[in-house]
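# Secondary and tertiary structure notes
Here is what each chain is made of, one letter per residue.
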Amino acid sequence: MHRAIGPKLLILFVIGDILGTGIYATTGKVAGKVGGALWLPFAIGFVVAILTAASYVELVGKYPKAAGAALYTQKAFKTPFLTFIIAFMVMCSGLSSASAAARAFSGDYLAELTGDALPPTLIAITFIVLLAALNLRGVSESVKTNVVLTLVELTGLAIILGIGAYAVLTGDGEPSRLTEFEAGGGTGYALMTSVLGATALGFFAFVGFEDSVNMAEETKDPVRTFPRAIFIGVAVTGTIYILVALVSSLLVDHKTLEGSSGPLLEVVKAGGVDFPHKLFALIALFAVTNSALINIMMASRLCYGMANERILPRAMGRVLAKRRTPVVGIVFVSLLAIGLVSTGEIEGLGDTTAFLLLCVFAVVNVAVLVLRRDRVDHAHFRTPTFLPVLGAVTALVLASPLADRPAEVYIRAGILIAIGVGLWAVNKAVLKARGEE
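The following paragraphs examine the structure supplied in this document. (Residues numbered from 1 in each chain as written. Predicted model: local features only at pLDDT ≥ 70, side-chain atom pairs only at ≥ 80, totals over all residues. Heavy atoms only, no water.)

### Digging into the pattern of salt bridges
This structure, assessed with the given rule, holds seven salt bridges. A salt bridge links Arg372 to Glu58, with the shortest nitrogen-to-oxygen separation between them at 2.9 Å. One end of the pair, Arg372, is in the loop between helix 16 (346–370) and helix 17 (386–399); the other, Glu58, is in helix 4 (residues 39–62), and 314 residues separate them in sequence. Neither Arg372 nor Glu58 differs from the other in exposure class; each is buried. A salt bridge links Glu408 to Arg412; the nearest nitrogen and oxygen atoms lie 2.8 Å apart. With Glu408 and Arg412 both in helix 18 (residues 407–433), this residue pair falls four residues apart, about one helical turn. (Salt bridge = Lys/Arg side-chain N within 4 Å of Asp/Glu carboxyl O. Helix = DSSP H or I, 4+ residues; strand = E, 2+ residues; numbered from the N terminus. Buried < 20%, exposed > 50% of the residue type's maximum accessible area, 1.4 Å probe, protein only.)

### Focus on empty space enclosed by the protein
Counted according to the given criterion, the structure contains one cavity of 30 Å³ or more. Volume-wise, the largest cavity comes out at about 230 Å³. Along the wall of the largest cavity there are 25 residues; nearest its centre are Asp17, Ser97, Val207, Gly208 and Asn295. Looking at the lining of the largest cavity, the elements with two or more residues in it are helix 1 (7–18), helix 2 (21–25), helix 6 (80–105), helix 14 (277–308) and helix 16. With five residues, helix 14 is the single largest residue contributor to the lining of the largest cavity. In terms of residue class, the lining of the largest cavity is made up of nine nonpolar, twelve polar and four charged. (1 Å grid on protein atoms, 1.4 Å probe; cavity = no way out; pocket = protein on both sides within 12 Å on 5 of 7 lines; lining within 4 Å. Points joined across faces, edges and corners; volume = space filled by probe spheres on them. Nonpolar A, V, L, I, M, F, W, Y, C, P; charged D, E, K, R; others polar.)

### Side note on a nonpolar patch on the surface
Taken together, the side chains of Leu113, Leu279 and Leu282 define a hydrophobic patch exposed on the protein surface, amounting to about 240 Å² of accessible area. Mapped onto the elements of the fold, Leu282 is located in helix 14. (Patch = residues over 30% accessible without salt bridge, like charges linked within 9 Å, V, L, I, M, F, W, Y side chains within 5 Å. Areas by Shrake-Rupley, 256 points an atom, 1.4 Å probe, with all protein chains shown as cover.)

### Some points on the nonpolar core
Residues Tyr24 and Met91 are the most contacted members of the largest nonpolar core, which totals 130 residues. The greatest single-element share of this core, amounting to 16 residues, is contributed by helix 6. Non-local contacts of Tyr24, meaning those with residues more than four positions away in its chain, are made with Tyr109, Glu153, Gly156, Leu157, Pro263, Leu264, Phe280, Ile283, Ala284, Ala287 and Val288. (Core = buried A, V, L, I, M, F, W, Y, C linked by side-chain atoms within 4.5 Å. Contact = heavy atoms within 4.5 Å.)

### Here we look at the environment of Phe231
Along the polypeptide, Phe231 turns up in helix 11 (residues 222–251). On the basis of relative accessibility, which here comes to 24%, the residue Phe231 falls in the partly exposed class. Through-space distance from the C-alpha of Phe231 to that of Ala37 is 26 Å; in sequence the pair is 194 residues apart. Excluding anything up to four places from it in sequence, Phe231 contacts Ile50, Ala53, Ala54, Val57 and Phe381.

### Notes on a positive patch on the surface
Judged by side-chain charge, Lys65, Lys75, Lys78 and Arg373 come together as a positively charged surface patch. Relative to the elements of secondary structure, Lys75 occurs in helix 5 (residues 68–77). Taking the relative accessible area as the measure of exposure, Lys75 reaches 33% and is therefore partly exposed. (Lys, Arg positive; Asp, Glu negative; His and termini not counted. Charge placed at Lys NZ, Arg CZ, Asp CG, Glu CD.)

### Focus on helix 13 (residues 263–270)
Three or more residues of helix 13 are buried, namely Pro263, Leu264, Leu265, Val267 and Val268. Immediately beyond the C-terminal end of helix 13, within one or two residues, lies Gly272, with a positive phi of roughly 75 degrees.

### Remarks on the packing of helix 8 (residues 120–137) against helix 14
With their axes 10 Å apart at the nearest point, helix 8 and helix 14 run at an angle of 60 degrees to one another. The angle between helix 8 and helix 14 places the two elements in the oblique class. Crossing of helix 8 over helix 14 shows right-handed handedness. Residue-level contacts link Phe127, Leu131, Leu134 and Asn135 of helix 8 to Thr289, Ala292, Leu293, Ile296, Met297, Ser300 and Arg301 of helix 14. Residues that form the contact of helix 8 with helix 14 fall into these classes: seven nonpolar, three polar and one charged. (Axes fitted to C-alpha atoms, helices over the stretch in contact; angles between N-to-C directions. Parallel < 35°, antiparallel > 145°, perpendicular 65-115°, else oblique. Left-handed = near helix turned anticlockwise from the far one by under 90°.)

### With respect to the packing of aromatic side chains
Applying the stated rule across the entire model yields 15 aromatic pairs. Ring plane angle 25 degrees and centroid distance 6.5 Å describe the contact between Phe84 and Trp424, whose orientation is recorded as stacked. With Phe84 in helix 6 and Trp424 in helix 18, this pair connects stretches of sequence that are 340 residues apart. For Phe84, a relative accessible area of 1% puts it in the buried group. Linked through ring pairs, Phe42, Tyr56, Tyr72, Phe203, Phe206, Phe209, Tyr241 and Phe361 together constitute an aromatic cluster. (Phe/Tyr/Trp six-rings, centres within 6.5 Å; stacked < 30°, edge-to-face > 60°.)

Take a look at the structure:
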């Protein structure tokens, strides 16, 4: 591949991958779990993201190839079935993320522009179908286009921070809310589980940096470029998220935030600044649409790649003759996404995304330690050993029932994985019957 991505473009690419649906759509749901101390889950999520980012930085420097978690899992454990499960979980995380974006698109941001004309579920399904149609036609997404989209998304968050600065300077807002915790039962255990649950859901806003390692083969000097780009990208987005959370809680009661599918629009309305509500709603819709499109594209290409590697049935790698887009893969992932938006809401779908990726991150953090015995000829970033250990432990804790996660999230993730295992088994049986295994 042509190495066209320099350090600055890569930093913006990482920031663009992380920004989007999570902060625009799930801020209110995080507030509903933790209360006015909305900033704390995002601060903890930032630390967890940095721990796992350090592992990705070491691995992409060691193996600068475009395969991400699946490549690292295969090199570390040499178990094809585990590698498939990790790859399929990454694919499904993209689908649940796109589905959460579809739900966010059909909520209060769109209602601000059009009113409550159509049922949200119908809008969300239509949204997925339109993305699939666009994907089938062939979407030429360059890194420079991603820079433009990133700047638009950043503009929306800059508006929120500007409103927050104005509120502080004019004495508006309620600072006492920043230390309020909402914990059912009032016990220490209830407080711990509410904070963990809020952190697990808030972690949805940090996912995306792991996708950037797939650009390794198109990046100039990836061994030197990636450490700086990923760390700066996570640090910038983490700082923005914490500040946005502080502003949101300062200006809007957590119950109001929880009840809105467009929580940042509530902040704009409460900020005392004459900024057009419809314009902000349009920026937010653009942000969640971009996130959904990127995730649908990623999932369909992963499906296509696994079919070409004979891990999934070969038919799933079929492409349109003229457009050269993976038609079966796009249809398959779009049907799964329609099923997700028909049966889930923003909170549950965002939590499913976070859960799937937390499981993947736990494996990646362990893989770093296992692969320490595999020496390579070139120098590369090496993370301190305690960071991947902490990364694996924190990822597992946030993926566990300690995070006060609804059973529906585990069921939804289990069904998605079962579908993948079923396809894997069918493919194995067909290959065996043909004598190709």
